[in-house]
Amino acid sequence: MNSHENLRDNLLDADGLDPASISSDELRWFGGLLDQALSPSVRQSRETTRRIVRWVAVAAVLILTIAGIHSFLGSTDRVWAQVLDNVRSTRGFQCHDVTTMVETTSEGPERVSQSETITYMAEDGTTLIEGYSDGEVSGRTYFLVDSNEMVSIGYLTKECRRRRWKAPQGDSKDDEDPRKLVIRVLEGEYTELGRKTVDGRVLAGIETRDPEASFGWGGDYDAFVLRLWIDMETRFPVSMEFDYAITYDGRTRRRKSVTDRFQWNLEFPVDFFTPQIPAGFTVWTDRPDETACVNGLRLFAEFTEGKYPTQLNRHSFWDEVGDPGQSLPKGKARQMASGEYHQDGIQDAFWFYEELREKGHDVAYHGNAVTPADANSVLMHWDLSENERRVIWGDLRVETMPLAQLEKALAEIWQRRYDSGTETTLLVRGRLTYANGRPVNQGAVYLGRAVRRTGQDGYFAIEAPAGAVHEYHLGHAHGPRRQAVGVFFWSLARSVKGLDVVLDFPCVVRARVADAKGAFLRDATVKLVSCPEGVADEFWALPNRARIDSEGYFVFDRVPVGLPLELLVRAPGRPGDEKRVPIGELAPDQKIDMADVVLSGVSEARLNHEQ
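Notes on the structure in this doc start here. (Residues numbered from 1 in each chain as written. Predicted model: local features only at pLDDT ≥ 70, side-chain atom pairs only at ≥ 80, totals over all residues. Heavy atoms only, no water.)

1. Some words on the packing of aromatic side chains
- With the rule as written, the count across this model stands at 16 aromatic pairs.
- Pairing phenylalanine 236 with tryptophan 264 gives two aromatic rings, centres 5.5 Å apart and planes at 15 degrees, and the pair type is stacked. Of the two residues, phenylalanine 236 sits in strand S10 (residues 236-248) while tryptophan 264 sits in strand S11 (residues 251-264), which places them 28 residues apart along the sequence.
- Residue classification places phenylalanine 236 among the buried residues on the basis of a relative accessible area of 13%.
- The class of tryptophan 264 is buried, set by a relative accessible area of 12%. (Phe/Tyr/Trp six-rings, centres within 6.5 Å; stacked < 30°, edge-to-face > 60°. Helix = DSSP H or I, 4+ residues; strand = E, 2+ residues; numbered from the N terminus. Buried < 20%, exposed > 50% of the residue type's maximum accessible area, 1.4 Å probe, protein only.)

If you want it as structure tokens, here you go:
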């Protein structure tokens, strides 16, 4: 800090203003006046200089005070900034949540499930979630950061399950963490709701209708709103209200959650997060295998009266099955055709699936399109070797087959559904990574009009347009802050191994369109296009818009990497006068200045005359 900045801050502090709370624009304005007053070019006595400096301070105080009054009467950005800092720096916290899920379909009555939990979270992310049923604790689940372990204790069935668990890394946005949810809301766009008094406390509220504020990814919601209320005295959240509705696969789900009873800056006892397993409880420590996976799928289908999970991930799985403490029989295990099977086993299907992914297997699941009635449809498959696949069919029989045979079976199934008009989309699974191999958490993948955010380790599942087996679709993807991008072609015939997409830094392409005399054509249109390898008569325009700079160049400044590209140039009003100019596959972060693209059949003078 130089002497002028030090004097500036001392003057503001003497007038009761905290320099840290003043905007950078206001500080620069005040500093500029102060620098002019102390400029060596101004010949004044010490007393004159003192008066000028005092005048600068008084002027600044008046203007900043007016700005402060405006802020007090209108925006409360500084208050919310302080709330954000408080939540980020809290040592630990706890909160209470009640969530109601209502699912409606055209096929039957609506299903309603409700869950009640209390979450305790330490500063390092170690977590205990208590589940309640009829006002009593029905289970406790521990997420232990130090041992990378999840321990789930079910008091209704007297059993405990230990699993490997990987804590969210880096910028992973786990929507089960209320603290991260609050931070995302405060970091995003929101509308202020004003103030209200509850139990003698003055509360201020904000509202967001942006789904990314919650999950970190958007979607086609029928309705979405999230409200956050904070205590104006403590500057900490006191409650969060969350309400959304979304329709897909012919089902409409509405979720309402109220999270309240927040307690912040907690320090928990040393043994608070140590699981206490009562004597006599059955402890399951085995890792799920394919037999456990099949039993879990059978148990799910039995409970849901003939449906498999649409996706094998924890969040959507429990959205569909509801609260296990209320949904499944209490105090006893489920009787199945294969024998007695414990309640917690309904999770074995997605745990097995997750373990296959963690080990790097090419695994795919099609529960969104396959039911127990589809005996000869492929429900799930994963690789055993380069040329062999293990397959679970719709009737849950399991067999090993060559990769070529699986590809043929999938192609026949997909083609039959497409031809019959019963299937317009299929669930495609894949992984999004950067060029260095690091997974892209909370990136976005686009196929047609479908979009899906990636979860932990870069995995995603997206409803893609089905089409014919060998029909190509153009897709694109980007990272969480759009700093890395990529484009790709995809077809059902290539989806057996899953869809791996690699992102890299975008490129810049500049080109100028000229007529035969060298005059550039401002009205020409330029698109970036590409076509699948070996397909000469089809091409797709990339989702990228050009802008014209002051020299008449068409500039594409965020060109995605991953495919050989071409420029498609057309003259206005003359459909036949066009040209395709190959660019090639661009290297990451490359900047290309191309030579003029000459459209010889039209001149700017003729265009002006015709217009």
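After that view of the structure, there is still more to cover.
2. Points about the nonpolar core
- Judged by nonpolar contacts, the single largest core of 29 residues is most densely connected at Val513, Leu528, Val559, Leu565, Leu567 and Ile583.
- Mapped onto this core, the elements with two or more residues apiece are strand S24 (485-490), strand S26 (507-511), strand S28 (525-530), strand S31 (554-559), strand S32 (564-571) and strand S33 (574-585).
- If you tally residues by element for this core, the top one is S32, at four residues.
- Those residues within four positions of leucine 567 in sequence are excluded, and the remaining contacts are Ala511, Val526, Lys527, Leu528, Phe556, Lys579, Arg580, Val581, Ile583 and Met594.
- Judged by nonpolar contacts, the second largest core, of 28 residues, contains Phe93, Met121, Ile183 and Val185. (Core = buried A, V, L, I, M, F, W, Y, C linked by side-chain atoms within 4.5 Å. Contact = heavy atoms within 4.5 Å.)

3. Section: the sheet that holds strand S21 (residues 450-453)
- The strand order across the open sheet formed by four strands is S21-S20-S23-S24, and the pairing between neighbours is antiparallel. The sheet is open, and its two borders are formed by S21 and S24, each paired with just one other strand. Averaged over all pairs of adjacent strands, the angle between their axes in this sheet comes to 20 degrees, without regard to strand direction. (Pairing = 2+ DSSP bridges. Axes fitted to C-alpha atoms, helices over the stretch in contact; angles between N-to-C directions.)

4. Thoughts on the sheet that holds strand S16 (residues 378-383)
- Taken together, four strands build an open sheet; the order of strands is S15-S16-S17-S18 and the sheet is antiparallel. Whereas interior strands pair on both sides, the edge strands pair on one side only; in this sheet they are strand S15 (363-365) and strand S18 (398-402). Shown here is a sheet whose adjacent strand axes are inclined to one another by a mean of 20 degrees, direction ignored.
- The pairing of S15 with S16 spans three bridges and is classified as antiparallel. Each residue of the ladder has a partner; that of valine 363, found in S16, is tryptophan 382.

5. What about helix H5 (residues 178-187)?
- Burial within H5 is extensive, with eight of its 10 residues counted as buried.
- For H5, the complete set of buried residues consists of Pro178, Arg179, Leu181, Val182, Ile183, Arg184, Val185 and Leu186.

6. Quick look at the pattern of salt bridges
- For the structure on display, the rule yields 14 salt bridges.
- Between arginine 162 and glutamate 149 there is a salt bridge, and its shortest N-O distance comes to 3.0 Å. One end of the pair, arginine 162, is in strand S6 (residues 159-164); the other, glutamate 149, is in strand S5 (residues 149-154), and 13 residues separate them in sequence.
- We note a salt bridge from aspartate 593 to arginine 510, for which the minimum N-O separation is 2.8 Å. Residue aspartate 593 is located in strand S34 (residues 591-593), and its partner arginine 510 is located in strand S26; the two are separated by 83 residues in the primary sequence.
- It is possible to trace a salt-bridge network through shared partners that takes in Glu207, Arg209 and Arg227. (Salt bridge = Lys/Arg side-chain N within 4 Å of Asp/Glu carboxyl O.)

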